[in-house]
Amino acid sequence: MEENLKVMLVDDEEIVCKRLKTALEKYGYAVDVFQSGVPAIERLKEEQYDIVVTDIRMDDADGLDVLAAARKSSPRTKIIMITGYATAEVAREAQVKGAFAFIAKPFRPKELHALLEKAARGLKKG
Amino acid sequence: MPDKESASAPGYHAPPSIDAFRTSEGSSRQDEEFKDAADRALKERPSFSIRTRLILAFSIFFLLPLVITLWSMHVLANVNEKILFLELADDYKVEIQQARRFEKNYLLYGTNLDDAREHAQAAQRLSMENEEQFRSVVGESSLRTMNEHLSAYLRLLDEADPADRDQWESQLREHGSAMFKLAQDFVIKERNEVEGMLDLTRRVPFVFLVVLFVLMILVVTFLARHIMKSLNRFMGYTQRIGSGDFSPITPTRGYRDEFTDLALNINRMVRELDKHHRILLESHKLRAMGTLVAGVAHELNNPMNNILLTASLLQEDDGSMEESDRQEMLQDLVAQAERTKRIVANLLNFARQSETKVEGLDMRDLIKDITRLLKNQIRIKKVRLRVAFPEELPTVHGDRQLLGQVFTNLILNALDVLPEKGEIVISFDTEHREGFLAVNVADSGPGMPGHIMSRVFDPFFTTKPKGKGTGLGLSVSRGIVRKLGGYLLVESQLGIGTVFTVLLPITTIPSDISSRVGASDGGN
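Residues numbered from 1 in each chain as written. Chains lettered and ligands numbered in written order. Predicted model: local features only at pLDDT ≥ 70, side-chain atom pairs only at ≥ 80, totals over all residues.

### Re the overall build of chain B
In terms of helices and strands, chain B carries 14 helices and seven strands. Looking at chain B alone, contacts between residues at least 24 apart form 78% of all its contacts between residues at least 6 apart. (Helix = DSSP H or I, 4+ residues; strand = E, 2+ residues; numbered from the N terminus. Contact = placed C-beta atoms within 7 Å.)

Next up, the structure:
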């Protein structure tokens, strides 16, 4: 159903990357994981992804930077932000900058999956 | 411990009492009893009010002239009496003079004997008619002497044909001149007395005016000085209160006056201030803790998320998972749970309302714990925190919980002023002051100008916009450090940054001997 959509996952917690990669690949997505923002942004310059899932706050690069890089890389990319605590102002800012959706930690893989499906439907519509 | 002021933090004020950190319910029973006792002592003194003094002063300034006036009037009345008598005495003298003149005529020419007699009799009449007056002025013996001479004189005049003419003449002359002399004497005497009295009425009021003038100056000076002394004392009190010392005003004199009422009112006001201050301190503490707690809660999100993701996958496993993957996941679950445990333990260590306890501290552990607790805040602000631990770190004299509060305050303050990519460096040295360990918290922020730096420890002083920050952090921190026998200093350079230095007394008590309060964390 998902037709091997390309997903980029950026989060500085190693376990998050491992588990979500396992889970999402099981759902049929092609997942590239990055444990920090800088290499992710570099990759976005060269490749385009269907969906980008990124943590909002990381040590070296802001999730918002990744968001900007993703939009620049391809305007169709659906970007999902992972928030530590859902603060209204961050949500607003990301929304303005073009984020598709949010998911607040902690969450179950299912929940992210549901969001990805929604994004996928959005992509299909074109 | 030398009680010197720090050169780099001028205008040092007495710190708030350390008891404020212990009790959140309010001041202790002892404090209350002491304050009540102070008020009672102020009230229960004999009263000698300023109003009384003023009334006394004015009474004196009124009564003295009154007395002098009455005295003058009395003297003048006496003078009046004396003048009246002088008239009388003068008349008497004149009669005797006349008698003697006619006596002379008679002795020379044989005429005017009757005239002489007439005048002598007139004198005698005057003397008899005014016997009392004469007696009171010249005295009984003089009066008798005068009367004797006069009687003898008259008797001689009455002798028609004296046997011994010469003796008669000489006796006549003798009595005559004696009478005259006496009369003259007391007239002169009386006149001198009157002059003396008039002189007195001239001089005394003048002297009195001078005395009154001096007295007025003295009284006004003393009164003014007395009032100024009290005013100065109260200036001292208000300054003391302004610097955060809420101890009550206690009596310093043996009596009470209007200033006592002022003192009682001020004591009442200070009790209110103290109450509010404690509430503020408590809310400040809570706010600081709130920040810590929020940070820690945020920090907990990560291990929790890791656990949730991992456990979810294990749950959803339909049996197709590799055993090695399974084992890895189970291990991760345990590790993340441990991580959570450590985070919570760290917070509990400092958030617990435990008994403050002074002990030998290893600053390495304390700083490590604090920086770990604040890791999230530091990360969010994208600031770099560097701690330069030396090889050897002497044990210091301090209280774990309270010093934790101090360093939390210093680091949070630094975070507030630093832009992204700013740097905080914590370093140690023992050269700053003999017998002390200096812990420096330096930020690469904008620095402070001199006029701000000198006020930075003042209670309620803050450069943050309204509503953000009560300005209590540094004054409270300084109070804590001071109470522990140390010093909190600041140095700053505009454009370069600020360094807060906490000087803590080095102790000889090894840190592992005194028991630590609170659960110690399991590891690093």
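Having seen the structure, we can now continue with the description.
### Things to note about the overall build of chain A
Counting its regular elements, chain A contains five helices and five strands. Along chain A, from the amino end to the carboxyl end, the secondary structure elements read β-α-β-α-β-α-β-α-β-α. Across the 126 residues that make up chain A, the buried fraction comes to 40%. Considering only residue pairs separated by 6 or more positions, chain A has 61% of its internal contacts joining residues 24 or more positions apart. (Buried ≥ 20, exposed ≤ 12 C-beta atoms within 10 Å, placed from the backbone.)

### Remarks on unusual backbone geometry
A cis amide bond links Lys-105 of chain A with the next residue in sequence, Pro-106 of chain A, at an omega value of -10 degrees. Along the chain, Pro-106 of chain A falls in the loop between β5 (101-104) and α5 (109-125). Positive phi is not limited to glycine here, since Lys-382 of chain B has a value of about 55 degrees. With respect to the secondary-structure elements, Lys-382 of chain B resides in the loop between α11 (375-380) and β2 (384-388). If you check the backbone angles, Lys-421 of chain B has positive phi at about 70 degrees while not being a glycine. Turning to its location among the elements, Lys-421 of chain B is positioned in the loop between α12 (400-417) and β4 (423-429).

### Section: the interface of chain B and chain A
Across the contact, 14 residues belong to chain B and 16 residues belong to chain A. Put simply, the parts of the chain that give the side of chain B that touches chain A at least two residues each are α8 (258-316) and α11 of chain B. Ranked by the residues each element gives to the side of chain B that touches chain A, the list is headed by α8 of chain B, at 11 residues. Split by residue class, the side of chain B that touches chain A holds five nonpolar, seven polar and two charged. (Nonpolar A, V, L, I, M, F, W, Y, C, P; charged D, E, K, R; others polar.)

### Some details on the confidence of the model for chain B
All names here are of chain B. For chain B, per-residue confidence averages 83 on the pLDDT scale, and residues scoring 70 or more make up 87% of the total. This stretch, residues 1-25, has a pLDDT under 50; its non-local contacts, to residues over four places away or in other chains, come to 37 contacts. Residue range residues 513-524 is modelled with pLDDT below 50. Its contacts to residues more than four positions away, or to other chains, number 21 contacts. Prediction confidence for the complex, expressed as pTM and ipTM, is 0.51 and 0.90 respectively. (pLDDT = per-residue confidence, 0-100.)

### Some words on the sheet that holds strand β6 (residues 487-493) of chain B
Residues and elements named next belong to chain B. Pairing is mixed across the open sheet formed by five strands, whose spatial order is β2-β4-β5-β7-β6. Each edge of the open sheet carries a strand with a single partner, namely β2 and β6. Looking at each pair of strands side by side, their axes are set apart by 15 degrees on average, direction ignored. Where strand β5 (residues 436-443) meets strand β7 (residues 497-505), eight bridges bridge the pair, whose relative direction is antiparallel. Bridge pairing in β7 links Leu-437 to Leu-504. Contacting β2, β4 and β5, helix α10 (residues 363-373) crosses the sheet at an angle of about 170 degrees to β2. Packing against the sheet, α12 makes contact with β4, β5 and β7, and its axis sits at approximately 25 degrees to β5. (Pairing = 2+ DSSP bridges. Axes fitted to C-alpha atoms, helices over the stretch in contact; angles between N-to-C directions.)

### Notes on the packing of α12 of chain B against helix α14 (residues 473-483) of chain B
Each pair of packed helices can be described by the angle between their axes along with the distance between the axes. Residue and element names in this part refer to chain B. Following both chains from N to C, one finds α12 and α14 inclined at 145 degrees, their axes separated by 9 Å at the closest point. Both α12 and α14 take part in a crossing whose hand is left-handed. The segment α12 lies against α14, with Leu-402, Gln-405, Val-406, Asn-409, Leu-410 and Asn-413 engaging Gly-473, Ser-477, Ile-480 and Val-481. By residue class, the composition of the contact of α12 with α14 is five nonpolar, five polar and no charged. (Left-handed = near helix turned anticlockwise from the far one by under 90°.)

### Things to note about the environment of Arg-108 of chain A
Its place among the elements puts Arg-108 of chain A in the loop between β5 and α5. Separated by 88 residues in the primary sequence, Arg-108 of chain A and Leu-20 of chain A have C-alpha atoms spaced 9.5 Å apart. Each residue touching Arg-108 of chain A, except ones within four places of it in the same chain, is listed here: Leu-308 and Ser-312 of chain B.

### Things to note about the pairing of β7 of chain B
Residue and element names in this part refer to chain B. The element β7 is extensively covered by neighbouring structure, given that eight of its nine residues are classed as buried. Looking at chain direction, β6 and β7 are connected through seven bridges and run antiparallel. Counterpart to Ser-492 in the pairing with β7 is Thr-498. Linkage of β6 to β7, two consecutive antiparallel strands, is achieved through a turn of three residues, within which Gly-495 is found at a positive phi near 85 degrees.

### Some points on α10 of chain B
Taken residue by residue, α10 of chain B has Met-363, Leu-366, Ile-367, Ile-370 and Leu-373 of chain B as its buried positions. Looking down the long axis of α10 of chain B, one finds its buried residues gathered within 130 degrees of arc, a one-sided arrangement. (Arc of directions from axis to C-beta.)

### Overview of the sheet that holds strand β2 (residues 30-34) of chain A
By definition, the strands of a sheet pair up through backbone hydrogen bonds, in either a parallel or an antiparallel sense. All names here are of chain A. Spatial ordering of the open sheet is given by β2-β1-β3-β4-β5, a layout of five strands whose pairing is parallel. One side of each edge strand has no neighbouring strand; the edge strands of this open sheet are β2 and β5. Strand-to-strand, the axes of this sheet are offset by a mean angle of 20 degrees, without reference to chain direction. Pairing of strand β1 (residues 6-10) with strand β3 (residues 51-55) involves four bridges; the strand directions are parallel. Counterpart to Leu-9 in the pairing with β3 is Val-53.

### Remarks on the nonpolar core
Within the largest apolar cluster, 47 residues are counted, with the highest numbers of intra-cluster contacts made by Val-406, Ile-411, Ile-424, Val-441, Val-502 and Leu-504 of chain B. Looking at this core, the elements with two or more residues in it are α8, α10, α12, β4, β5, α14, β6 and β7 of chain B. It is α12 of chain B that contributes the most residues to this core, eight residues altogether. Grouped together as the second largest cluster of nonpolar side chains are 38 residues, Val-52, Ile-80 and Leu-112 of chain A together with Leu-309 of chain B included. (Core = buried A, V, L, I, M, F, W, Y, C linked by C-beta atoms within 7 Å.)

### Notes on the packing of helix α4 (residues 113-129) of chain B against helix α6 (residues 140-158) of chain B
Residue and element names in this part refer to chain B. Interaxial distance between α4 and α6 falls to 10 Å at its minimum, and their mutual angle equals 155 degrees. Relative to α6, α4 is oriented roughly antiparallel. For the crossing formed where α4 meets α6, the hand is left-handed. Residues Leu-113, Ala-116, Arg-117, Ala-120, Gln-121, Ala-123, Gln-124 and Ser-127 of α4 form the contact with α6, whose participating residues are Met-146, Asn-147, Leu-150, Tyr-153, Leu-154 and Leu-157. Residues that form the contact of α4 with α6 fall into these classes: nine nonpolar, four polar and one charged. (Parallel < 35°, antiparallel > 145°, perpendicular 65-115°, else oblique.)

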